[in-house]
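Residues per chain are reported as follows:
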Amino acid sequence: MNRDPRTPLIAMALLSTLLLGACSSGAAPANHTTPSTEASAESSEAVRTPAAPSAEVARLLAPQDARTISAPKAASGTLVLFTDYQCPFCAGMDSVVRRAKDDYGDELRIIIRNFPLPIHENAPAAARAVEAAAEQGALEKMSETVFEHQDQWSQSTSVDEQFLAYARDLGLDTEKFLSDYESEAIAERVERDSQDAMELGLQGTPTLILQDTVLAVDVSNYETLSAPLDDFLNC
């Protein structure tokens, strides 16, 4: 059965695993109704135009200090990605979102949030590594490196040394990187992202949200992202 590939966040009953490939947290959130995960990105019936999120949803999606990879002053829309750096599907989504950044330029604000799942033991450390690199303006470089070498560190028992080596290879200030990586502030940022995701009712990664609407994106078919973006931005 085909369904509208976009699901409103305002209903607070989210299909985070609606994405055609996703890692699941394995548990339904408390006080939220989890709809069926049966969905298709091919549906074109009853397409709903994403609306501006309510104040509460906007706060959970995009706090004022949220990390961005694109932050034009006059953006027409906001795209939010909740990601887990140990999730193989998130690696594919990362390249798709970076392509959207290039294609939509100053029309689209893109926010990256952390949602390390309990099933991925090293995901919180990877999120801290990316956040620590972001403190030096290298969020995209570190996230790309972490995803590229996912097989190398995902089952490792010495991830701290590996992430430090990545920072060194990227030319970062390794002393500052290590200080930030181990800091309470970075750990709290990752935890806050996760809490926001759970309060929104998300159950898996990657989850990609345009304004107030979860998108069903097939990472092997860029049009499943560009089509709703074009529709919303009237390209």
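Here, the structure is the one placed above.
Counting restarts for each chain, with residues numbered from 1 along the sequence as it is written. Confidence filtering applies because this is a predicted model: local features only for residues at pLDDT of at least 70, side-chain atom pairs given and counted only at 80 or more, and all residues used for totals across whole chains, interfaces and linings. Calculation of side-chain values draws on the structure's entire complement of heavy atoms; hydrogens and water are dropped beforehand.

**Looking at the state of the cysteines**
Thought 1: Any two cysteine sulfur atoms within 2.5 Å of one another count as a disulfide. Using the criterion set out here, one finds 1 disulfide in the structure.
Thought 2: Disulfide pairing places Cys23 opposite Cys87 at an S-S distance of 2.5 Å. Judged by the torsion about the S-S bond (95 degrees), the Cys23/Cys87 disulfide is right-handed. Of this pair, Cys23 sits in strand 2 (residues 23–24) while Cys87 is found in the loop between strand 4 (77–83) and helix 2 (88–104), placing the two residues 64 residues apart along the sequence. Counting from the N terminus, the helices are the DSSP runs of H or I reaching at least four residues and the strands are the DSSP runs of E reaching at least two.

**Here's the deal with the packing of helix 3 (residues 123–134) against helix 7 (residues 174–181)**
Thought 1: Between the N-to-C directions of two axes lies an angle of 0 to 180 degrees, each axis being a line fitted to C-alpha atoms and, for a helix, fitted only over the stretch in contact. Where helix 3 contacts helix 7, the two axes come as close as 8 Å, and the packing angle between them is 135 degrees. Taken as axis vectors, helix 3 and helix 7 run oblique relative to one another. Crossing of helix 3 over helix 7 shows right-handed handedness. Between helix 3, through Ala125, Arg128, Ala129, Ala132 and Ala133, and helix 7, the contact on the second element is made entirely by Phe177, Asp180 and Tyr181.
Thought 2: Each residue receives one of three labels: charged for Asp, Glu, Lys and Arg, nonpolar for Ala, Val, Leu, Ile, Met, Phe, Trp, Tyr, Cys and Pro, and polar for the others, Gly being one of them. Its residues assigned to classes, the contact of helix 3 with helix 7 comprises 6 nonpolar, no polar and 2 charged. Each angle receives one of four descriptions, namely roughly parallel if under 35 degrees, roughly antiparallel if over 145, roughly perpendicular if within 65 to 115, and oblique otherwise. Note: crossing handedness is left-handed where the near helix turns anticlockwise from the far helix by less than a right angle, and right-handed where it turns clockwise. Whether two residues are in contact is decided by their heavy atoms, any of which lying within 4.5 Å being enough.

Note that all results are geometric; they support no functional claim without further evidence.
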